[in-house]
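# An overview of the molecular structure
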Amino acid sequence: MNNLLDNGLQSRRVAFQILQEVLMRNTPLDQVLDRHEELKTLDSRDKSFVRMLVGTSLRRKGQLDDMIGRVAEKELHPANLRYVLYVGITQLLFMNVPHHAAVNTTVELAELENMSGQKGFINAVLRRIISEGQEWQKKQDPVQMNIPQWLLKLWIEDYGLREAAEIAQASLSEAHTDITIKNASEQKYWAEELKGTVLPTGSVRLSAAGNITELSGFEEGHWWVQDASASLPAKILGDLNGKTVIDLCAAPGGKTAQLAAGGAQVVAVDRSAKRLERLRENMDRLHLTDRVTIMVGDGGVWQPSAPVDVVLLDAPCTAT
């Protein structure tokens, strides 16, 4: 079994474990990725593979369930057998993984996770997907199957049907990795160093990020990961040098870092002490702790001890 683990099975096993944590225990994906010990032991290539496999499985969950429903006539037992099938079908239909590698590692994964009695069933399902899955896929509506109806309804109300459809379609693809450079004068340098592009907003978009923590400049605190759109609220506040700013709902700290790097004294408030620990770690890495005061509090009722110059509340914090 050790040889199997060395030949791609371990990365599939980690992906399966992460899917279980997210879907059975309702743990946010970013938290699972941060604390999963076995993921940390994988090499950079396998870490990227796991992230792609998990992310694609979650984005395409509705389509995967539809595929499984076409093959399995009754409820799956054990319940986590479904996640083993997610691992296999995602590789076959949505990733450029050779069929034999996807099938073999998925069957071996079942054995490793005490589902030896289901190996024949899993093999049969995946063989059926290989022969008919692409035709089934052509008949699926990815937006309707993967995006919750309540969310689609909100997007349509807010943006109109056409733009809502574009947002929904974009959400089915892997998100870009954007970073904010601590020293704005170094944007061009880090864009070239990391093979990225400077966006009109000033963020740098990476073409192939891989494992972020292993990239040049991360450990030294020269930049942090932050979606380009998430960087806009702090930018529109203008010159904050010497001002005191409250950042409500601050964790994990992207906007707090922006404000502090811009010369402000920041009071970072969030109701989650656990998430604030991550913010604290980020401020330590970025060498911005002297400009940031961290406080646990519910932004709906929390009150500062004295008036301040600016309050930043970027809401709602839905991560959509």
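Everything in this summary refers to the structure shown in the same document. This is a predicted model, so every value here is computed, not measured.

Residue position: W155 is located in helix α10 (residues 149–159). Residues W155 and H99 lie 56 residues apart in sequence; the distance between their C-alpha atoms is 37 Å. Among all residues touching W155, those that are not within four sequence positions of it are I147, G160, A164, I167, A168 and S171.

What follows concerns the packing of helix α6 (residues 81–94) against helix α7 (residues 99–112). At a minimum axis separation of 9 Å, α6 and α7 run at an interaxial angle of 175°. Accordingly, the angle class assigned to the pair α6 and α7 is roughly antiparallel. Taken together, the residues of α7 that come into contact with α6 (itself represented by V84, V87, G88, Q91 and L92) are H99, A102, T105, T106, L109 and A110. Among the residues forming the contact of α6 with α7, the class breakdown is 6 nonpolar, 5 polar and no charged.

Our focus in this paragraph is the environment of Q118. For Q118, the location among the structural elements is in the loop between α7 and α8 (119–138). For Q118, a relative accessible area of 24% corresponds to the partly exposed category. Residues Q118 and P78, 40 residues apart in the sequence, show an inter-C-alpha distance of 9.3 Å. Not counting residues within four places of it along the chain, the set of residues in contact with Q118 comprises H77 and L81.

Attention now moves to the nonpolar core. In a soluble, globular protein the nonpolar side chains are often hidden away together inside. With 45 residues, the main nonpolar core has I18, V50, I89, I122 and I129 as its most contacted residues. Counting residues per element, this core draws most heavily on α6, which supplies 10 residues. Setting aside anything within four residues of it in sequence, one finds I18 in contact with L29, V32, L33, H36, L39, V50 and V54. Residues A234, L276, M283 and L312 belong to the second largest nonpolar core, which totals 19 residues.

Let us look at the pairing of strand β1 (residues 177–181). Within a regular strand, the side chains alternate between the two sheet faces. Where burial is concerned, most of β1 is hidden: 4 out of the 5 residues are buried. Bridging between β1 and strand β3 (residues 204–206) involves 3 bridges; their strand directions are antiparallel. Each residue of the ladder has a partner; that of D178, found in β3, is R205. Note that β1 and strand β4 (residues 223–225) share 3 bridges and pair antiparallel. Counterpart to I179 in the pairing with β4 is V225.

So, on to the packing of α7 against α8. Remark: α7 packs on α8, axes separated minimally by 9 Å, with the N-to-C direction vectors making an angle of 160°. Classified by the interaxial angle, the pair formed by α7 and α8 is roughly antiparallel. Judged by the sense of rotation from one axis to the other, the crossing of α7 with α8 is right-handed. Judged by residue contacts, H99, A102, V103, T106, V107, A110 and E111 of α7 engage K119, I122, N123, L126, R127 and I130 from α8. Taken together, the residues that form the contact of α7 with α8 break down as 7 nonpolar, 3 polar and 3 charged.

Rules used throughout
- Residues numbered from 1 in each chain as written.
- Predicted model: local features only at pLDDT ≥ 70, side-chain atom pairs only at ≥ 80, totals over all residues.
- Heavy atoms only, no water.
- Helix = DSSP H or I, 4+ residues; strand = E, 2+ residues; numbered from the N terminus.
- Contact = heavy atoms within 4.5 Å.
- Axes fitted to C-alpha atoms, helices over the stretch in contact; angles between N-to-C directions.
- Parallel < 35°, antiparallel > 145°, perpendicular 65-115°, else oblique.
- Nonpolar A, V, L, I, M, F, W, Y, C, P; charged D, E, K, R; others polar.
- Buried < 20%, exposed > 50% of the residue type's maximum accessible area, 1.4 Å probe, protein only.
- Core = buried A, V, L, I, M, F, W, Y, C linked by side-chain atoms within 4.5 Å.
- Pairing = 2+ DSSP bridges.
- Left-handed = near helix turned anticlockwise from the far one by under 90°.

Function cannot be read off these values alone, since they describe shape.
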